[in-house]
Amino acid sequence: MKDIIRNCFSRILDLIYPNLCLHCFSKLEKNYFYFCKDCLYDFSYLYTKKARSTFAVFENKGSIKTLLKELQRQKILSITKIVASFIVIQLFRLNWPMPDIVYPISNLLKKDHLSKEVSILLKKPLRKKQDLSKIALIVLDVIDIEKVSKMKKQLLFKKVYVMGLCFDVFFDDLDLFL
Ligand SMILES: [Zn+2]
């Protein structure tokens, strides 16, 4: 009887929270959340030897595109926290200096949840104020390189670093742009 109840319960849970991969919709194995084992292969950190102050965490392909879509839809709250963690890990991997502030570039109508989560993780203030004595970090979902380099030139900071979840172009084309 207990087993029947448990089975029923797990079936109901499956209906409410279908445990499917967000990208390929296959059923998730135990201990996997949001993405299945195969789709997690797309989660490999981009690497650069060059000193860059604009960079991304992943290449915009496969399940990363799905992650980006979910981040923009803001239906699953923890997705923002997960992406913020990836961004912070990438900052450390690239040995970027610790910023003094996280500078939100969004306007008032669109809340910048991602910048906020990164500022919490880094324990640095989220501040919409320019200051020539400070290093600023800008956090984006997608990096449009042309837009970002224009924006960087207009900002008054000691140095501006920009980290995004991915670039809007393929990583192989990057050298044409950066
Ligand atoms: Zn999958």
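Owing to the predicted nature of the structure, the values given are computational and were not obtained by experimental measurement. (Residues numbered from 1 in each chain as written. Predicted model: local features only at pLDDT ≥ 70, side-chain atom pairs only at ≥ 80, totals over all residues.)

## A short note on the sheet that holds strand S3 (residues 131-143)
Strands sit in the order S1-S4-S3-S2 across an open sheet of four strands; the sheet is parallel. Unpaired on one side and paired on the other, strand S1 (54-58) and strand S2 (101-102) mark the two borders of the sheet. By the bridge criterion, two bridges tie S2 to S3 in an arrangement that is parallel. Paired with Val102 across the bridge in S3 is Leu137. (Pairing = 2+ DSSP bridges. Helix = DSSP H or I, 4+ residues; strand = E, 2+ residues; numbered from the N terminus.)

## A short note on the pairing of strand S4 (residues 157-167)
S4 sits mainly inside the fold: nine of its eleven residues count as buried. Note that S1 and S4 share four bridges and pair parallel. Paired with Thr54 across the two strands is Val162, which belongs to S4. Two elements, S3 and S4, share nine bridges in a ladder whose sense is parallel. Bridged to Ile143 within S4 is Phe167. Since S3 and S4 lie parallel, the crossover through helix H5 (residues 145-154) that links them has a hand, and here it is right-handed. (Buried ≥ 20, exposed ≤ 12 C-beta atoms within 10 Å, placed from the backbone. Right-handed = clockwise from strand over helix to strand, strands pointing away.)

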